[in-house]
Amino acid sequence: VQLQASGGGLVQAGGSLRLSCVASRNITNINTMDWYRQSPGNQRELVATIGISGSTNYADSVKGRFAISRDGAANTNYLQMNSLKPEDTAVYYCSVTTWEPPRIYWGQGTQVTVSS
């Protein structure tokens with residue numbers, strides 16, 4: 001299974017972007033769909049996660065600005081990013097975890113750059 005992340009780009013502070021993560025084929029036994037980000041010199045951090053039940057969790061730094069959603073039938077998830085800040089600049093990675101067997105799939109990353 002391959003995950004294709006897209007939707008990154010250059011945007012001014014206050015702007016919006018929508019990231020997409022599409023799986024190359026159906027993934028069974030999904031536990032969570034997640035978005036991480038990593039900026040230079042920093043560790044990869046979890047930004048948002050959505051469970052198979054639809055429950056969501058967000059990093060404190062993005063609460064109220066980002067929203068994760070999914071299209072279960074298409075094994076696709078989205079990260080809507082609003083009110084972007086320069087500190088949101090990073091490479092964003094999507095991932096999917098499964099519970100049986102326990103696995104994690106990673107996308108290739110998409111660059112988000114927010115100018116001040």
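Note that the structure is predicted; figures quoted are calculated from it, not measured.

Overview of the overall build of the chain
Piece 1. Looking only at helices and strands, the chain features 0 helices and 11 strands.
Piece 2. Ordered by position from the N terminus, the helices and strands of the chain form the series β-β-β-β-β-β-β-β-β-β-β.
Piece 3. Whereas a compact globule of 116 residues would reach a radius of gyration of roughly 13 Å, the chain reaches 14 Å, a difference of no more than 12%.
Piece 4. For the chain, the C-alpha atoms occupy an extent of roughly 45 × 25 × 25 Å along the three principal directions.
Piece 5. Burial analysis of the chain (116 residues in total) assigns 42% to the buried set.
Piece 6. Split by element, the accessible area of the chain, about 6000 Å² in all, is 47% carbon and sulfur.
Piece 7. Mean positive and mean negative side-chain charge positions of the chain (9 and 7 charges, respectively) differ by 3 Å.

Considerations on the pattern of salt bridges
Oppositely charged side chains can pair when the atoms bearing their charge come close.
Piece 1. Throughout the structure, instances matching the rule amount to 4 salt bridges.
Piece 2. Note that D88 and R65 form a salt bridge whose closest N and O atoms lie 2.7 Å from each other. Highlighted residues: D88 in the loop between β8 (76–81) and β9 (90–99) and R65 in the loop between β6 (56–58) and β7 (66–71), separated in sequence by 23 residues. When sorted by exposure, D88 lands in the same class as R65, which is buried.

So, the packing of aromatic side chains
Piece 1. A full pass over the atoms with the stated rule returns 1 aromatic pair.
Piece 2. Measuring from ring centre to ring centre gives 5.0 Å for Y36 and W106, while their planes differ by 55°; the resulting arrangement is tilted. With Y36 in strand β4 (residues 30–38) and W106 in strand β10 (residues 102–106), the pair connects residues that are 70 residues apart, well separated along the chain.
Piece 3. Judged by relative accessible area, W106 falls into the partly exposed class, the value being 36%.

Some details on the state of the cysteines
Piece 1. All told, the structure shown has 1 disulfide when counted by the stated rule.
Piece 2. One disulfide in the model links C21 with C94; its S-S distance is 2.1 Å. Between C21 and C94 the sulfur-sulfur dihedral comes to about 65°; the bridge is accordingly right-handed. Here the residue C21 occupies a position in strand β3 (residues 17–23), and C94 occupies one in strand β9, the gap between them amounting to 73 residues.
Piece 3. Look at C94 and you get buried, because its relative accessible area is 0%.

Definitions and limits used
- Residues numbered from 1 in each chain as written.
- Predicted model: local features only at pLDDT ≥ 70, side-chain atom pairs only at ≥ 80, totals over all residues.
- Heavy atoms only, no water.
- Helix = DSSP H or I, 4+ residues; strand = E, 2+ residues; numbered from the N terminus.
- Rg over C-alpha atoms; globule rule 2.2 N^0.38 Å.
- Buried < 20%, exposed > 50% of the residue type's maximum accessible area, 1.4 Å probe, protein only.
- Areas by Shrake-Rupley, 256 points an atom, 1.4 Å probe, with all protein chains shown as cover.
- Lys, Arg positive; Asp, Glu negative; His and termini not counted.
- Charge placed at Lys NZ, Arg CZ, Asp CG, Glu CD.
- Salt bridge = Lys/Arg side-chain N within 4 Å of Asp/Glu carboxyl O.
- Phe/Tyr/Trp six-rings, centres within 6.5 Å; stacked < 30°, edge-to-face > 60°.
- Disulfide = S-S within 2.5 Å.

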